[in-house]
Amino acid sequence: MGNALRFLYEHCCEPTTAGDSDSLGPHGVSAATVCVSALSLDLFHFEITSQVPEGLDKHVVSSKKAQANWYRKLLEAWKEAKPPPETPEEVARLVIQTLKRHQKADVEGLLAFYGLQLPHTLAQVSAGGPTSLPQGVKFEMQTLPVDPKAVADGDTITVYVSTTDTRESSSVPGEVHMAAVQRSKARAERNYGKADALQKKIVEAGYRVINVQNEEILARKYRIRLRGIDAPESSMPYGKEAKEELANLVQGKCLRVFVYGEDRYRRCVGDIYCNGMFVQEVMLKKGLAWHYTAYDKRRELETWEKEARAKRVGLWASSNPEMPWEWRKDRREGRQH
């Protein structure tokens with residue numbers, strides 16, 4: 001079934017232009033997720049038929065019986081994963097972890113069969129997050145699922161926190177709460193013009209009514225500046241890649257954010273954890289951000305940047321990448337390259 005999906009994707013879903021690369025084709029998959037869909041469908045097929053996909057023999061060395069054992073284990077791991085893997089990197093990690101006691105040639109062959117990343121290309125990141133509030137944290141927030149469009153660049157993201165949160169519930173302005181109630185009533189009466197006007201009023205106050213799993217939730221908006229890193233600006237080399245990586249990490253996820261303060265642009269400066277992964281660690285290890293030493297002295301961030309430099313990954317593939325803070329300074333002073 002995975003083979004069939006790959007064939008359909010290549011002939012029916014291949015983007016027609018570069019700008020369409022993230023759009024969904026008629027079979028509900030995109031260039032970014034076709035390998036995820038292929039494996040999930042093959043697992044579904046295996047659960048029904050106990051048959052592994054045709055063509056796998058050409059990529060692995062073990063017998064059909066062994067292959068069936070892998071799919072049995074992967075099916076169980078996929079079911080137990082909470083949340084289930086959604087990105088190619090998450091799926092690759094699940095495969096590697098589940099089959100870690102099996103032959104290297106088989107694991108790498110299976111990954112190659114689905115077009116997934118091989119172990120040596122994945123950044124090794126720490127699992128879990130702080131069990132208590134780290135020193136210096138002003139407050140912690142748990143966000144609603146993140147819209148990938150809310151990622152401005154590789155170190156800035158807009159998030160929303162439900163006003164049912166204990167910290168938020170007591171500070172919602174009365175006019176915002178009233179507008180949310182009136183908007184809900186207007187939508188029930190199909191008065192969408194009035195509902196849109198009320199949503200605009202709510203947004204102007206720094207809030208938004210968001211639909212999460214068919215439930216309307218009044219939420220407060222926060223802009224987060226990732227603490228301790230500085231990613232390339234959008235028009236710099238690797239600026240686009242940094243933004244895409246951050247979007248892939250957080251899209252659809254509920255984030256845990258430790259806020260240490262505000263910057264001069266009134267953004268919350270914080271550490272972000274996504275499914276137990278420290279987001280700044282991922283960005284540094286993939287060579288998609290610098291350690292922002294002017295504002296952060298943490299040794300671990302320095303170490304992660306040095307690891308990426310040594311491996312020449314991401315922006316470190318260049319012999320002399322321009323520092324984003326110097327790039328911004330040059331433009332402020334009119335010294336554009």
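The preceding data block contains the structure.
Residues numbered from 1 in each chain as written. Predicted model: local features only at pLDDT ≥ 70, side-chain atom pairs only at ≥ 80, totals over all residues. Heavy atoms only, no water.

Section: the overall build of the protein chain
Looking only at helices and strands, the protein chain has twelve helices and ten strands in total. Scored against the burial criterion, the 337 residues of the protein chain give a buried share of 44%. Taking all contacts inside the protein chain whose residues are at least 6 apart in sequence as the whole, residues at least 24 apart take part in 66%. As displayed, the protein chain offers around 18800 Å² of accessible surface, 50% of which is attributable to carbon and sulfur atoms. (Helix = DSSP H or I, 4+ residues; strand = E, 2+ residues; numbered from the N terminus. Buried < 20%, exposed > 50% of the residue type's maximum accessible area, 1.4 Å probe, protein only. Contact = heavy atoms within 4.5 Å. Areas by Shrake-Rupley, 256 points an atom, 1.4 Å probe, with all protein chains shown as cover.)

Focus: the packing of aromatic side chains
Inspection of every chain in the model, using the stated rule, returns ten aromatic pairs. Note on Phe 46 and Tyr 71: the rings are 5.9 Å apart at their centroids and 40° apart in plane angle, and the pair reads as tilted. Of the two residues, Phe 46 is situated in helix α2 (residues 34–49) and Tyr 71 in helix α3 (residues 64–80); the sequence distance between them amounts to 25 residues. Judged by its relative accessible area of 0%, Tyr 71 falls in the buried class. (Phe/Tyr/Trp six-rings, centres within 6.5 Å; stacked < 30°, edge-to-face > 60°.)

Quick look at helix α9 (residues 239–250)
Because each turn of an α-helix spans 3.6 residues, side chains separated by three or four positions end up pointing in the same direction. The terminal C-alpha atoms of α9, which comprises twelve residues, lie 17 Å apart, in line with the 16 Å expected from a rise of 1.5 Å per residue. Taken residue by residue, α9 has Gly 239, Ala 242, Glu 245, Leu 246, Ala 247, Leu 249 and Val 250 as its buried positions. (Expected span 1.5 Å × (residues − 1).)

Details of the packing of helix α7 (residues 174–188) against helix α8 (residues 192–204)
Following both chains from N to C, one finds α7 and α8 inclined at 160°, their axes separated by 8 Å at the closest point. The pairing of α7 with α8 is recorded here as roughly antiparallel in orientation. The chirality of how α7 crosses α8 is left-handed. Note on element contacts: α8 touches α7 through Tyr 192, Lys 194, Ala 195, Leu 198, Gln 199, Lys 201 and Ile 202, opposite Val 176, Ala 179, Ala 180, Gln 182, Arg 183, Ala 186 and Arg 187. Of the residues in the contact of α7 with α8, the class split is eight nonpolar, two polar and four charged. (Axes fitted to C-alpha atoms, helices over the stretch in contact; angles between N-to-C directions. Parallel < 35°, antiparallel > 145°, perpendicular 65-115°, else oblique. Left-handed = near helix turned anticlockwise from the far one by under 90°. Nonpolar A, V, L, I, M, F, W, Y, C, P; charged D, E, K, R; others polar.)

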